[in-house]
Every structure is written in C-alpha cells, then in structure tokens.
Amino acid sequence: MSEMEVEKPELTLYNTMTQLKEVFKPINPGKIGMYVCGITAYDYSHIGHARAAVSFDLLYRYLRHLGYEVNYVRNFTDVDDKVIEKAKKCGEKPLDLSNRFCEEYLVDMADLQCLLPTRQPRVSDHMEHIIKMIEKIIENGCGYAVGGDVFFSVDKSPSYGQLSGQRLDHTQAGKRVAVDSRKRNPADFALWKAAKSGEPSWESPWGPGRPGWHIECSAMSAHYLSPRFDIHGGGADLKFPHHENEIAQTCAACEDSGVNYWLHNGHVTNNNVKMGKSLDNFFTIREITAKYHPLALRHFLMSAQYRSPLNYSVSQLESSSDALYCVYQTLEDLVKSLSPYREEMSRDVGKTQQTAEAKEMIKKVKSEFETKMSNDLNTAHILTGAFQDALKFINVSISKLKKIQKKQRMSLIVSLVEVEKAVREVLDVLGLLTTLSYDEFLKEMKQKALTRAGIGEEEVLRRIDERKLARKNKDFKRSDQIRELLAAKGIALEDIPGKDTVWRPCTPLSSNSNPKSGLGMTALALAIGFIFLGFLFYSR
C-alpha cells in the first residue's frame, strides 16, 4: 500500500431478509449481480422514484469504486393495468405510451446523473422467458390454470412471508387484484392474465393474455443474472407483496435460487405521509428540477441514509442547493487563483512535493468518506467533517498564494491540486461531480435561483446599483431594505471590500421568520459563511 492509499473498511449492508447489517461478500469474488425493480412506465416519475434510482445508483457507483465488476439490471414494467388504464384515457396504444414514459424516465435519470444500468429489460421483450418460468412453476405443482388465467399457489410455498414477516392468513390477494373465487387460497396471485378486449396480449399455452405483476422480475433477474445472485433492491413498499411473491415464484421454478442481500430504500414523505400517485400528494422530478438544479435534488435525496424516511420540504432543498453552491464556488475560486501560475506549474510537474498537512488532509477525506459509505451507505452529513475541512483548507490557502515565496508557493499549489482531486473523487462517487466547468455549473444554479425568485438578473443588477447609490447618499435604511427585499427572494448580496457588490443564491429569508428556527439559523449561518469565504477570495 502506497503512502497516500487508505485501507478500505469492510462494506456492510442492511439485509431486509435477516434484519441485520451484514459484511458484504459476493458469490463470485470481484463480481456482483444486482437487480433493482424499476418503474411502471405510465406517467412522469416523482421524487419517490428518484430516491430509489439515486439510492441504488449510489450503491452501483460505490461498488465500482471498491473495484467490483457490477452487472446491474433495472427493469421497466411496460405491460400493466395502470399502463392500460392511462393509455385508454390518453387515446394511445399501451406500448406506445409506456415506451414514451420509459424514455422520459431516462431523461430524468440523466439529469440526476444516475449511471445507466448494465441492462434495462422491458416486460414486453421477455414473454418467452416469462412463459417458460410459469410452465416450470406449474410443472412443479406450484401453479394452476383456471379459464385462461394462471395463479400461484401460496400454500405450496412453506417459507412464504419470510421477507416481509407477513403471515399467510393475513395476506391479501396480491394487492393489485381483487379476490377471485376461483382461487384455491385468497392469497394466491396471478402469474398470467387471460386477454381482455382492447388490451395487449401474447399467445401462451393457456391462451392469449399477459403476465401478472410479479413474474416479470423473477424471469428477468434469472435470465440476466441467474436464479441466485447477490443483491436485489427496491422501495420499501415492494417488500410485500412484490418481493415476497418474487421469492416464492423463483424458488418454485428454479432449484438453486436465492438472493443473498435484500435492500430497500425508505419512502419520500410529504407532511410525513408516503408520497405516491395514488394519494395525489407527489411532486414529479420535472416539477422540482424546473426550479432547482438536478444535482441539488440528488443531494437532497442523499441527505438521509437511504433506508430512512425522507420528508420533502422546500427548506431542505434550499439547504442542499446552498451546500452544493458552496462546494462549487470554492472550487471555482481555486481555478481562478491558480490561473496565474499555470505556466509555472507545467514546468514544475513532479518536482515539488505537497505539504505534510495536505497529505494528512487527503488521507482523512478518503478515510472518512469510505468509512461512512461502507457503513450501509451512510450519506447523512456526507459532505461535512473532513470534506468540509478540505474546502476550508482550499479557501485559507488561496488567500496565502500571493504572500509567500516562490518555493513555498509551489508546494502549496501542488497541495491544492491534490486536495482538489480528493474533493472531486468524493463528488464523483456520490454522483455530484458536474460535467460542466465550475463556472458554468454556478451559472446554472444562479439561473435556477432567479427562476425561484421570479426575477431576471437585470432586475438584481438594477437593485444592486440602486443600493450602491443609496449607500453613497448615506441612505442606509433604503440600502438595508433592498438587501432584505432580495434576501426574501433567495438572492444574497455580498459587499466585497475594495470590489463591487456580487450576488449569489441563498435560502429565502422572510421578514417574519423566526431567527431562532432551524431554517433561519441555517440560512444565516450559510450567508455568513459565504460572505467570509468571499472576503478570503477577493481580499487576497
């Protein structure tokens, strides 16, 4: 191990099946099979869907960071009752509608910087695999056909309920279907549904029809990964009946089957009620990203450990936006500060060593990050601690550059470059590293702030000029009014000594907000922090 390398801690993950945190050990050393239940594609996705996607994208990224080769499969349900119902309302063919919303989902995922899975299978493309698995289930005595429908017999699954803890006598008939008197047990669920007029259907040994909800994931996970694989993920609401039924189906069809680690992300709530389309209490990803940068939404979705419920609030989104702006403003300040020394840096490549302080800083950033992430992906406060110390190191150091001798300066420059690399590595694994330049990213965030404020930058600049004139005339009351007016809209003004006044996004401060409240104190602290950082940069 080199001097700069940090020994990686063991990865532990909470396994829903055992209800324990377990040290992760793959079936095949160095390789991982992971299946995650995707969306039912009948509408724009909401931020509950975004949380599931970001949670497992984070796991995917971190596993790759640890050196694993990951076969990541996430499905699209493009054949379903909800798809058919929505298509009728829209006057569209069901598969055309679901294809449209699959594509819209991928646009949202790209905005959130979720990496593409290895494979993204759709139900409509896997009828052969689904039918073969149903045939095997029937052959093994665990399924039965009735009038063109096929049901799974839960009585033939002795371990049914092992994942969710649901007792068989308390289960409902698959949740998405009404109780059918033809069932041998009310809890039996559909493997295949007989065709109905006007609905999409496929030929099968039981007549034309389409799959039940659950069989698709059993068939596609077995096809792309094998019946036994490492990780199966999804939202907490899928534990029962969906994942419970998956286990029963796959065990009935395949001798050697099983998932080693079941992972479930917590719900996004709205006023502490689960957010969902059925309750009409949701916000789509598009609605949020129209006003907030997609990476601010991603940061918000990671602000709590993935298994914990996450309550949606504007103040939390504002805090996430401010936190990211702070990170990227610091990095942009660094780029500007190092710009005069680029030629000097190119001549010195490999000659000057970084400072001992920087080496220790980088080691601490990497160690703390991997310790948190290896503890069941604990992203709560992930950009604090050593990461925040690294940003402070950058801000304090760039203020020194012009004040020290050439040899010391080059050592500090090399140190700053290496600390920046460590910061970028953390952001990259978290999916928060922009593909734009720092300056372009900050401009995008400022534009979102203007959208939220409902004003243009011309108006902000006009107010700055008006305030400058008021201060010149010693009309400090008017000067303060202008600052407070803009602050209430989420626009903070910073007076830089010897420089012009500049503006940046901030958490909106209402005139009647309680300064002792969490929101008021957070916003105040962030504002003071930014003014201090701006002073360090502009006064050097």
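Residues numbered from 1 in each chain as written. Predicted model: local features only at pLDDT ≥ 70, side-chain atom pairs only at ≥ 80, totals over all residues. Heavy atoms only, no water.

A few words on the nonpolar core. As a rule of thumb, soluble globular proteins bury nonpolar side chains together. With 93 residues, the main nonpolar core has Leu59, Ile231, Leu297, Tyr328, Leu416, Leu427 and Leu430 as its most contacted residues. Here this core gets 12 residues from one element, more than from any other, and that element is helix H13 (residues 406-430). Of all hydrophobic cores here, the second largest spans 41 residues; its members include Val123, Cys142, Tyr160 and Ala253. (Core = buried A, V, L, I, M, F, W, Y, C linked by side-chain atoms within 4.5 Å. Buried < 20%, exposed > 50% of the residue type's maximum accessible area, 1.4 Å probe, protein only. Helix = DSSP H or I, 4+ residues; strand = E, 2+ residues; numbered from the N terminus.)

The strand order E5-E6-E7-E8 describes an open sheet built from 4 strands, whose pairing is antiparallel. Unpaired on one side and paired on the other, strand E5 (143-146) and strand E8 (209-211) mark the two borders of the sheet. Taking each pair of neighbouring strands and ignoring which way they run, the sheet shows an average axis angle of 20°. Here strand E7 (residues 189-194) runs beside E8; their pairing, made up of 3 bridges, is antiparallel. The residue bridging Trp192 from the neighbouring strand is Pro211, located in E8. (Pairing = 2+ DSSP bridges. Axes fitted to C-alpha atoms, helices over the stretch in contact; angles between N-to-C directions.)

Before going further, it helps to examine the sheet that holds strand E9 (residues 228-235). Here 4 strands make up an open sheet; going across it, the order is E4-E3-E9-E10 and the pairing parallel. Of all strands in the sheet, those with a lone pairing partner are strand E4 (69-74) and strand E10 (258-265), marking the two edges. Taken over all neighbouring pairs, the strand axes of this sheet differ in orientation by 25° on average, direction set aside. Strand direction decides the pairing type here: strand E3 (residues 31-36) and E9, joined by 3 bridges, are parallel. Bridge pairing in E9 places Tyr35 opposite His232.

Turning next to unusual backbone geometry. Cis peptide bonds are those with omega within 30 degrees of zero, and the linkage from Phe240 to Pro241 qualifies with 5°. Within the secondary structure, Pro241 sits in helix H6 (residues 239-253). With phi around 110°, Ser226 is a residue other than glycine that occupies positive phi space. Looking at the secondary structure, you find Ser226 in the loop between helix H5 (215-224) and E9. By relative accessible area, which is 27% here, Ser226 ends up partly exposed.

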